[in-house]
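Observations on chain architecture
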Amino acid sequence: MQPLLIILLLLSVLTNVLLILLLLRSGQQNTAEDQTDEIARIVRDEVEAETEVLADQLRVMQGEVTRTTSASARDMGTLLAESQRQSQEAATARLDAIAEENGITIEYEVTSGQGDQTVLRQLSDQAIADGVDAIIPIATTAAQVAAVSAEESKTPVIFAAISYPETVELTGMDYVTGTSDALDTNQILDMMFTQNPDIGSVGLLYSLSEPNSEVPIADAKAYLDAKGVAYTEATANTNDEVIAAASSLIADGVDAVFTPTDNIIMAAELAIYEDFIAAGIPHYTGADSFVRNGAFATCGVSYTELGAYTAGMAGDILQSGTVPEYHVMEGGIITVNTETAAALGIDTSVFSGMAGTVVEVATQTTAAMADPIMPQINGKWNFRLTPNMAGSVTPR
């Protein structure tokens, strides 16, 4: 038995001794024999319950070291999520194509906001100071910061992969537009019930501090209420809290778990996916980056198409001078983790008729180090593009 558990159990025993003394003095039982039996029952139940709780806590404490280390090796602000990487690479490829089509030269440099608002502000302020023609921020915080930096100059801000621009106050500004990867929550839940029509309880795992989660969680609740299916909410704002929240859903015995496009949960997916698999619980999520980290399945947009479309918008804006409304990308691409599916004993062919494309991936336990990019166009424009930061374009 672990020393820590022994110490905790001794404290538990001392607590129960005090309980015994109180009961002996309370006179709540009519006879000494009844009182003794009652005390023995209470002590037995308390010790058994506390032993199990303490054992669970110890197991979590022992596992958190490796789990937290594993999760922190992923996108904690310094690494790009797979979806951001795809958007980034597609955007620069499209910018290269635009350069060739227009007979101009595009250069790009790499910078990173590292998920830090202070760094993001410094980078976007510098982009404005450099006289860029446009900023292309990838992800919510980067877009919000870039919009503030560009407020006075009205430099066009063309964001990429913002799920709900209205929710994060990125609408109503005539110099801000971009692409939305808004989630089709109903389709993901349709997948869930197609795979298992007998689901009786769904876990909703998300962060209260993630703006992207607000709308899809509300949609999920409405969907489940209409079906008469129970749901349990578990929220978290840190890596350790995500692990604890996932454990609580497992303990509650939910049949499946849904998480929207929530960056905080995404950052800890590698720390929880094995627990969900062990419990036989499929984890349906809002982005393929979750699935590449061990979650079961998602249905969403192509981030390659999103990145290319965003870069195309930037080119059009700089040529026409007109900033259009933001564009919602069409989804319908199902991504499944074949390793997770095999471990759960799920036949993913059940999804084949639900989307035009079904992509199969395996769990990636490491992430390629990458920084946000800033394409620069020499000769006509100078671009800077940054996941968790900003991209820009300046005449030379």
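Starting afresh in each chain, residues are numbered from 1 along the sequence in its written order. The model is predicted, so local features are restricted to residues of pLDDT at least 70 and side-chain atom pairs to those at 80 or more, both for listing and for counting; the totals for chains, interfaces and linings are taken over all residues. Side-chain numbers here rest on the full set of heavy atoms in the structure, without hydrogens or water.

Thoughts on the packing of helix 4 (residues 117-129) against helix 5 (residues 140-149)
Cut-off, in case you're wondering: Lines fitted to the C-alpha atoms define the axes, with helices restricted to the stretch that makes contact. Angles between their N-to-C directions range from 0 to 180 degrees. We count a stretch as a helix when DSSP gives it H or I for four or more residues in a row; a strand needs E for two or more, and each element gets its number in order from the N terminus. Each angle gets one of four labels, with under 35 degrees taken as roughly parallel, over 145 as roughly antiparallel, 65 to 115 as roughly perpendicular, and the rest as oblique. The handedness criterion is simple: a crossing whose near helix is rotated anticlockwise from the far helix by less than a right angle is left-handed, and one whose near helix is rotated clockwise is right-handed. Two residues form a contact once any of their heavy atoms are found within 4.5 Å. Only Asp, Glu, Lys and Arg are considered charged, only Ala, Val, Leu, Ile, Met, Phe, Trp, Tyr, Cys and Pro nonpolar, and every remaining residue, Gly among them, polar.
Two numbers describe how helix 4 lies on helix 5: the axes approach to 9 Å, and their chain directions differ by 45°. Classified by the angle between their axes, helix 4 and helix 5 sit oblique to one another. By crossing handedness, the relation of helix 4 to helix 5 is classed as right-handed. For the pair helix 4 and helix 5, contact is made by Q117, L120, R121, S124, D125 and I128 and by T141, A142, V145, A146, V148 and S149, respectively. Grouping the amino acids of the contact of helix 4 with helix 5 by side-chain chemistry returns six nonpolar, four polar and two charged.

What to know about the pattern of salt bridges
One side chain can pair with another of opposite charge once the charged atoms of both are near each other. Just so we agree on the cut-off: Salt bridges are counted wherever a side-chain nitrogen of Lys or Arg sits within 4 Å of a carboxyl oxygen of Asp or Glu. A 1.4 Å probe rolled over the protein chains alone gives each residue an accessible area, and that area as a share of the maximum for its type sets the label: buried under 20%, exposed over 50%, partly exposed in between.
Enumeration according to the criterion identifies four salt bridges in this entry. The partner of K221 in a salt bridge is E233, and the shortest N-O contact between them spans 3.0 Å. Within this pair, whereas K221 is found in helix 7 (residues 211-227), its partner E233 is found in strand 6 (residues 230-235), the two being separated by 12 residues in sequence. On the basis of relative accessibility, which here comes to 23%, the residue K221 falls in the partly exposed class.

Some words on the packing of aromatic side chains
We apply this condition: Aromatic contacts are taken between Phe, Tyr and Trp rings whose centres are within 6.5 Å, Trp giving its six-membered ring; a plane angle under 30 degrees counts as stacked, one over 60 as edge-to-face, and the others as tilted.
Under the defined criterion, the tally for this structure stands at four aromatic pairs. Judged by centre distance (6.4 Å) and plane angle (45°), the rings of F159 and Y326 are tilted. Separated by 167 residues along the polypeptide, F159 in strand 3 (residues 157-159) and Y326 in the loop between helix 12 (303-320) and strand 10 (327-328) bring together distant segments of the chain. Look at F159 and you get buried, because its relative accessible area is 0%. Judged by relative accessible area, Y326 falls into the partly exposed class, the value being 22%. On the basis of an interplanar angle of 40° and a centroid distance of 6.1 Å, the ring pair of F193 and Y223 is categorised as tilted. In this pair, F193 is assigned in helix 6 (residues 185-195) and Y223 in helix 7, connecting sequence segments 30 residues apart. Pair check on accessibility: F193 and Y223 agree, each one buried. Every member of this aromatic cluster is reached through a ring pair, and the members are Y284, F296 and F351.

Points about helix 7
As a reminder of what qualifies: Working rule for helices: expected span equals 1.5 Å times residues minus one. The arc in question is formed by the directions pointing from the helix axis toward the C-beta atoms. Here a polar contact is recorded for every N or O atom pair within 3.5 Å, except that within protein the pair must consist of a potential hydrogen donor and a potential acceptor, and residues adjacent in sequence are included only if both atoms are side-chain atoms.
Here helix 7 spans 26 Å end to end across 17 residues, near enough to the 24 Å set by a 1.5 Å rise per residue. Listed as buried for helix 7 are N212, S213, P216, I217, A220, Y223 and L224. Viewed along the axis of helix 7, the buried residues span an arc of 125°, placing them on a single side of the element. Among the exposed residues of helix 7, those pointing more than 90 degrees away from its buried face are E214 and A226. Looking at the buried side of helix 7, the elements it contacts are helix 5, helix 6, strand 5 (201-206), strand 6, strand 7 (256-259) and helix 9 (263-267). Among the residues of helix 7, the N-terminal cap falls to E210, whose side-chain oxygen and the backbone nitrogen of N212 are separated by 3.1 Å. Looking at the residues trailing helix 7, positive phi occurs at G228, about 75°.

Concerning the sheet that holds strand 7
What counts is decided by this rule: For two strands to be treated as a pair, DSSP must find no fewer than two bridges joining them.
Spatial ordering of the open sheet is given by 6-5-7-8-9-11-12, a layout of seven strands whose pairing is mixed. Each end of this open sheet is capped by a strand with a single partner; those strands are strand 6 and strand 12 (357-361). Each neighbouring strand pair of the sheet contributes to a mean axis angle of 20°, computed without reference to strand direction. Direction of pairing for strand 5 relative to strand 6: parallel, over a ladder of six bridges. By the bridge assignment, Y206 is partnered in strand 6 with T235. Across the sheet, helix 8 (residues 239-252) lies against strand 5, strand 6 and strand 7, angled at about 155° from strand 6, the strand it touches most.

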